Amino acid sequence: LQARGKAQAGKCNAALSKYLGAHGSSSRCDLLENREALADALAPDQTPLARWPSQGRYPLVLLQQAAVNLALGRTDSSPLISVNGPPGTGKTTLLRDVVAALVAERAEQLLEFEDPCDAFVHAGQMKLGNGFVHLYEIDPRLRGFEILVASSNNKAVENISRELPRADAIDPGLPPPNYFRTMATALNDGAPCWGAAAAVLGNASNVNKYASTLWWDDDVGLRNYLAWISGKRTQIVRESEEGGAGIYEDPRSVSEWAAPEDHEEALQRWRTAKARFRRVLERSAREQASLQRGFEAARELTSLEAAFRASEAELKTAQARLEVVSQDTTEADQLVASTETVKDHADKLVVESRLVRPGFLQRLLRSPRATEWRQTHDQARLAA
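Residues numbered from 1 in each chain as written. Predicted model: local features only at pLDDT ≥ 70, side-chain atom pairs only at ≥ 80, totals over all residues. Heavy atoms only, no water.

Draft legend 1. Expanded view of empty space enclosed by the protein. Per the stated rule, a full pass over the model turns up one cavity of 30 Å³ or more. Quantified by volume, the largest cavity comes out at close to 50 Å³. Looking at the largest cavity, the residues that line it are Ser161, Pro165, Ala184, Leu187, Asn188, Gly195, Ala196, Ala198, Ala199 and Val200. A per-class count over the lining of the largest cavity returns seven nonpolar, three polar and no charged. (1 Å grid on protein atoms, 1.4 Å probe; cavity = no way out; pocket = protein on both sides within 12 Å on 5 of 7 lines; lining within 4 Å. Points joined across faces, edges and corners; volume = space filled by probe spheres on them. Nonpolar A, V, L, I, M, F, W, Y, C, P; charged D, E, K, R; others polar.)

Draft legend 2. Looking closely at the packing of helix H4 (residues 62–73) against helix H5 (residues 91–110). H5 packs onto H4 with a crossing angle of 40° between their chain directions and a minimal axis gap of 10 Å. Classified by the interaxial angle, the pair formed by H4 and H5 is oblique. For the pair H4 and H5, the sense of crossing is right-handed. Within the contact between the two elements, H4 uses Gln64, Ala67, Val68 and Leu72 and H5 uses Thr93, Leu94, Asp97, Val98, Ala101 and Leu102. Classifying every residue of the contact of H4 with H5 gives seven nonpolar, two polar and one charged. (Axes fitted to C-alpha atoms, helices over the stretch in contact; angles between N-to-C directions. Helix = DSSP H or I, 4+ residues; strand = E, 2+ residues; numbered from the N terminus. Parallel < 35°, antiparallel > 145°, perpendicular 65-115°, else oblique. Left-handed = near helix turned anticlockwise from the far one by under 90°. Contact = heavy atoms within 4.5 Å.)

Draft legend 3. Structural view of helix H8 (residues 204–216). Taking 1.5 Å as the rise per residue, H8 with 13 residues should run 18 Å; its terminal C-alpha atoms sit 17 Å apart, in good agreement. Its side-chain oxygen 3.2 Å from the backbone nitrogen of serine 205, asparagine 203 forms the N-cap of H8. (Expected span 1.5 Å × (residues − 1). Polar contact = N/O pair within 3.5 Å; in protein donor to acceptor, adjacent residues only side chain to side chain.)

Draft legend 4. Summary view of a positive patch on the surface. Judged by side-chain charge, Arg276, Arg279, Arg283 and Arg286 come together as a positively charged surface patch. When you line up the elements, arginine 276 lands in helix H11 (residues 263–355). (Patch = residues over 30% accessible without salt bridge, like charges linked within 9 Å, V, L, I, M, F, W, Y side chains within 5 Å. Areas by Shrake-Rupley, 256 points an atom, 1.4 Å probe, with all protein chains shown as cover. Salt bridge = Lys/Arg side-chain N within 4 Å of Asp/Glu carboxyl O. Lys, Arg positive; Asp, Glu negative; His and termini not counted. Charge placed at Lys NZ, Arg CZ, Asp CG, Glu CD.)

Draft legend 5. Spotlight on the packing of aromatic side chains. This model, assessed by the stated rule, comprises five aromatic pairs. Ring geometry for phenylalanine 180 against tryptophan 257: centres 4.6 Å apart, planes inclined by 65°, an arrangement best described as edge-to-face. Here tryptophan 257 lies in the loop between helix H10 (252–255) and H11 and phenylalanine 180 lies in the loop between helix H6 (154–163) and helix H7 (181–187), a separation of 77 residues in the sequence. Under the relative-accessibility criterion, tryptophan 257 is labelled buried at 8%. Cluster of aromatic residues (ring-pair linked, three or more members): Tyr179, Phe180, Tyr225 and Trp257. Over the ring of phenylalanine 132 we find lysine 127, and its NZ or CZ is 5.1 Å from the ring centre. The ring of tryptophan 228 carries the charged tip of arginine 233 above its face, separated from the ring centre by 4.3 Å. (Phe/Tyr/Trp six-rings, centres within 6.5 Å; stacked < 30°, edge-to-face > 60°. Buried < 20%, exposed > 50% of the residue type's maximum accessible area, 1.4 Å probe, protein only. Lys NZ or Arg CZ within 6 Å of the ring centre and 35° of its normal.)

Draft legend 6. Geometry of a nonpolar patch on the surface. Judged by side-chain polarity, Met126, Leu128, Val133 and Leu135 come together as a nonpolar surface patch covering roughly 330 Å² of accessible area. Elements supplying a minimum of two residues to the nonpolar patch: strand S1 (120–128) and strand S2 (131–138).

Draft legend 7. Inspection of the nonpolar core at higher detail. Counting residues in each nonpolar core, the largest one holds 10 residues, listed as Met183, Leu187, Val220, Leu222, Tyr225, Trp228, Ile229, Val254, Trp257 and Ala259. Contributing elements (two or more residues each) for this core: H7 and helix H9 (222–229). No other element matches H9, which puts four residues into this core. If we ignore the near neighbours within four places in the chain, the residues touching tryptophan 257 are Asn178, Phe180, Arg181, Thr182, Met183, Val220, Gly221, Leu222, Tyr225, Arg252 and Arg269. Counting nine residues, the second-largest nonpolar core is a separate cluster that includes Val99, Ile160, Leu164 and Ile170. (Core = buried A, V, L, I, M, F, W, Y, C linked by side-chain atoms within 4.5 Å.)

Draft legend 8. Region of interest: the pattern of salt bridges. Counted by the stated rule, this structure contains 16 salt bridges. Between arginine 141 and aspartate 139 there is a salt bridge, with its nearest N and O atoms 3.0 Å apart. Given the relative accessible area of 40%, arginine 141 is considered partly exposed. Residue aspartate 139 is classed as buried on the basis of its relative accessible area, which comes to 9%. Residues aspartate 189 and arginine 162 are paired through a salt bridge, measuring 3.2 Å at the closest nitrogen-oxygen approach. Of the two residues, aspartate 189 is situated in the loop between H7 and H8 and arginine 162 in helix H6; the sequence distance between them amounts to 27 residues. Classification of arginine 162 as partly exposed rests on a relative accessible area of 23%. Connected via shared salt-bridge partners are Glu158, Arg162, Asp189 and Lys209.

Draft legend 9. Here's a closer look at the packing of H8 against H9. Running from amino to carboxyl end, H8 crosses H9 at an angle of 20°, the nearest separation of the two axes being 5 Å. Looking at the two axes, H8 sits roughly parallel to H9. When H8 is examined against H9, the residues Leu214, Trp215 and Trp216 are found in contact with a partner set consisting of Leu222, Arg223 and Leu226.

In short, shape yes, function no, at least from these values alone.
Written as structure tokens, this is what we have:
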């Protein structure tokens, strides 16, 4: 409805206008034909350092990786990209790598904070009952990494939102991650999860379930977990298996997430995690830079090979021309030799003609002998 209202009022932003087809693309590039553009899209420095650790840890296929790189690398005023494909062609697999890349980028921003508390800025307070609740907003550096999955098919959206946090979505050979997985499992209707990376929303019932589980649930919610770290030890009553009196136990958010005992221990874990992530990030960046140098060298080699092939073709053309010129030169030399032979013969005739030249009176009186000699002599001179 909002999109329709904006379109009718002529207030669509660039992305919405492009999506609705109001403004066509200024240029199109077929990556199946333009190998240079495909190579640019797949360059190592365009590839995210992080990828989804799927079962088998198989890499994306060529065009899947190109789509991820292009989607994450768009910096123009209309960051809109379309990825089309029939069912079963790997669109959800591709989306997981986008999620992994965004999580890693946000983690890089988190390295800037000495204390996670610094990521929250006080934004006022709200009266609640007889007291006040303090409100905080997240640091702007940590914004912009969210993903909203929307579709006219609610089931398709639910499937993606449920698949991302499931334990079977990652390689079992990796150390099992624990990103509030107890809460994630509760949100995912009991399906084993590795972490709270996504949630099914879309309607009021799902939103209420998410909020009540995320914060208010005594057993798996964040409320008792954070209270424990701040020094407020809260236990819950769990029913006895024998049906007797209830047993007081720590919430599963504390016991299964191995909650730190206090803020200082939490900070120590934070510093350890930051140091480990920074080492991995720097090593990955070095390897990426090395791959980029190899990529550029390979591209330069390809360019040199093309230039060499062009030079070879020019050389063959020049050699063919040289053969023609050599043949013409040979024929010219033969013609010159033949001409010189004719000239030598003519010179000889001129000399011989002079030896038999008639006397002066015969030439003066133009006797028949003198006339015949003149004709023969003139022909010899012309030939010479």
